[in-house]
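Inside the fold
For reference, the chains in residue letters:
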Amino acid sequence: MDHIKELSEILNLDVQRVKSLFRSHVLTTSFFEKSGFFSGISALYRFDKASSGYEKGTLIAITEDEGSIFRGYPKIRRAMLLGPAIEKRFPGRVVVEEKLNGYNIRICMINDRIFAVTRGGFICPFTTEVVREGNLDEFFFENPDLMLCAEVVGPENPYVQKDVYEVDSVDFFVFDIMDRRSGKLLPFSERKELCENHGIKQVPLLGIFEKRKWKRILEIVRELGERGREGVVIKDPEMRVPPVKYTSSQSNCGDLKYAFTYFNDYGSSFVFSRVVREAFQSVELGEDKDELRERCLRVGESIILPMVESITRKMKGDRITEKFRIRVKSPETAELFERYMRRMGLKVHFSVLEKVDGRYIVEVEKLMSSTDDKIDSILNGELW
Ligand code: ATP
Ligand code: MG
């Protein structure tokens, strides 16, 4: 609570209000250590929930001579029926982009150094190392008040590992540029031009469509699904109205499969909306009996099979863990990232496997305690 005055000025809220945000844990400190990685920063604060006009995940960095705010990325709502949603929500033509399946970061510059901030408002040491390889300095020296909102994808990252993109390890693709103070998103054409001028990669553009051509978008999503891709985000070219997302059945099922492998950690809140989506999608696509049956099988299998697998795994004496690999330039990044994950309350174990082309391959094993304990207790005769 050292920076009440600074926070009150940056947030434009009175001191009493800031104190009350602290008391209710809406405003809290964010992961920070006094080390070279954070040099020049004296403290970091974040919004754990949306409040007082600030989004969840808003980050405030206090440095020696100033404080800066980095607004949270807004929630993107989902269309259940594509046709009616597009018709109702967009004023005119729509930009359709691929929705990449990875994790959301905001890239910003603090005290002349680039950092990657997670959705929740934490500076992630692993992702920061990744984005610092992206030649972004020129962009930020010219545009210190902007943030790049990007999706990090690839098979070697700590959050969402997908091997369906042409990415060997990890990479990031910008989908929005935000004014860090106001949270306003730039119009599509401005974002495109800025990225192109600075050689920054963006998410794939699938086309710009008249609203009445929405069936073509539905078709695109079906094709994406067949290629293991997630779906689309539909945007107003001027960003006057909030974007809308829509995903393929394969991607919904992929999520279910993951959630039910670790059913007690992720399961219940997850299923309802995903099952509802499947029904609306089937109706909108006008599926026949066979197609519908195939969908039912796909959904059912995504729920039951991974649970059966986890139960058998446990019966064999294995613990329910998730394993993934990351690749880092320096061992310090791995060490800092391990401390970061533990601070997030995760039970992780890091082992450095080998050094390849100047990078350390690290295997991370994450214990899914809740699912692990639950299966254990049921196997020992406990009741639900
Ligand atoms: P939310 O719906 O609150 O944004 P979520 O975790 O439920 O969060 P998703 O279902 O993955 O998110 O959908 C929104 C996210 O999709 C964005 O926050 C962003 O990270 C990601 N994304 C991927 N591609 C795009 C894109 N082309 N445009 C916008 N967002 C994209
Ligand atoms: Mg996502």
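Treat the numbers as computed from the prediction; the structure is a model and nothing was measured.

Let us now look at the sheet that holds strand 7 (residues 103–110). Spatially, the four strands line up as an open sheet ordered 8-7-9-10, and their pairing is antiparallel. The outermost strands of the open sheet, each flanked by one partner alone, are strand 8 (113–118) and strand 10 (171–179). Here the strands of the sheet are splayed against their neighbours by 30 degrees on average, with no regard to which way each runs. For strand 7 and strand 8, the ladder comprises six bridges, and the chain directions are antiparallel.

Attention shifts here to the nonpolar core. In terms of nonpolar packing, the biggest core is built from 66 residues, with Ile-107, Ile-123, Phe-126, Leu-136, Leu-148, Ile-177 and Ile-326 touching the most fellow members. The element contributing the most residues to this core is strand 9 (residues 146–153), with seven residues. Counting residues domain by domain, this core receives three or more from each of domain 1 (1–70) and domain 4 (321–367). Discounting chain neighbours no more than four positions away, the residues touching Ile-107 are Ile-114, Phe-115, Val-131, Leu-136, Phe-140, Leu-146, Met-147, Leu-148, Ala-150 and Phe-172. Ala-85, Ile-86, Phe-209 and Leu-224 belong to the second largest nonpolar core, which has 17 residues in total.

Once that is clear, we can look at the environment of Val-96. Residue placement: Val-96 occurs in strand 6 (residues 94–99). Along the chain, Val-96 and Lys-245 lie 149 residues apart, while their C-alpha atoms are 9.7 Å from each other. Ignoring any residue separated from it by four or fewer positions in sequence, one finds Val-96 in contact with Leu-205, Leu-206, Gly-207, Phe-209, Ile-217, Val-232, Val-233 and Ile-234.

Moving on to the layout of surface pockets. Regions of empty space are outlined by a rolling probe, equal in size to a water molecule, passed over the atoms. The volume enclosed by the second largest pocket comes to roughly 370 Å³. Around the second largest pocket, the lining is made up of 16 residues, and of these Val-130, Glu-133, Val-170, Asp-171 and Phe-172 lie nearest the centre. Residue classes in the lining of the second largest pocket are distributed as five nonpolar, four polar and seven charged.

This paragraph deals with the side chain of Asn-104. With respect to the helices and strands, the residue Asn-104 is situated in strand 7. Its relative accessible area of 13% is what places Asn-104 among the buried residues. Discounting chain neighbours no more than four positions away, the residues touching Asn-104 are Tyr-73, Val-117, Thr-118, Arg-119, Ala-150, Glu-151 and Phe-175.

Attention now goes to a positive patch on the surface. A grouping of Lys-49, Lys-56, Lys-75 and Arg-119 is seen on the molecular surface, where their side chains present a positively charged patch. Considering the arrangement of structural elements, one finds Lys-56 in the loop between strand 2 (41–47) and strand 3 (59–63).

Thresholds applied
Residues numbered from 1 in each chain as written. Chains lettered and ligands numbered in written order. Predicted model: local features only at pLDDT ≥ 70, side-chain atom pairs only at ≥ 80, totals over all residues. Heavy atoms only, no water. Pairing = 2+ DSSP bridges. Helix = DSSP H or I, 4+ residues; strand = E, 2+ residues; numbered from the N terminus. Axes fitted to C-alpha atoms, helices over the stretch in contact; angles between N-to-C directions. Core = buried A, V, L, I, M, F, W, Y, C linked by side-chain atoms within 4.5 Å. Buried < 20%, exposed > 50% of the residue type's maximum accessible area, 1.4 Å probe, protein only. Domains from an automatic or database assignment. Contact = heavy atoms within 4.5 Å. 1 Å grid on protein atoms, 1.4 Å probe; cavity = no way out; pocket = protein on both sides within 12 Å on 5 of 7 lines; lining within 4 Å. Points joined across faces, edges and corners; volume = space filled by probe spheres on them. Nonpolar A, V, L, I, M, F, W, Y, C, P; charged D, E, K, R; others polar. Patch = residues over 30% accessible without salt bridge, like charges linked within 9 Å, V, L, I, M, F, W, Y side chains within 5 Å. Areas by Shrake-Rupley, 256 points an atom, 1.4 Å probe, with all protein chains shown as cover. Salt bridge = Lys/Arg side-chain N within 4 Å of Asp/Glu carboxyl O. Lys, Arg positive; Asp, Glu negative; His and termini not counted. Charge placed at Lys NZ, Arg CZ, Asp CG, Glu CD.

Coordinates in, geometry out; function isn't part of it.
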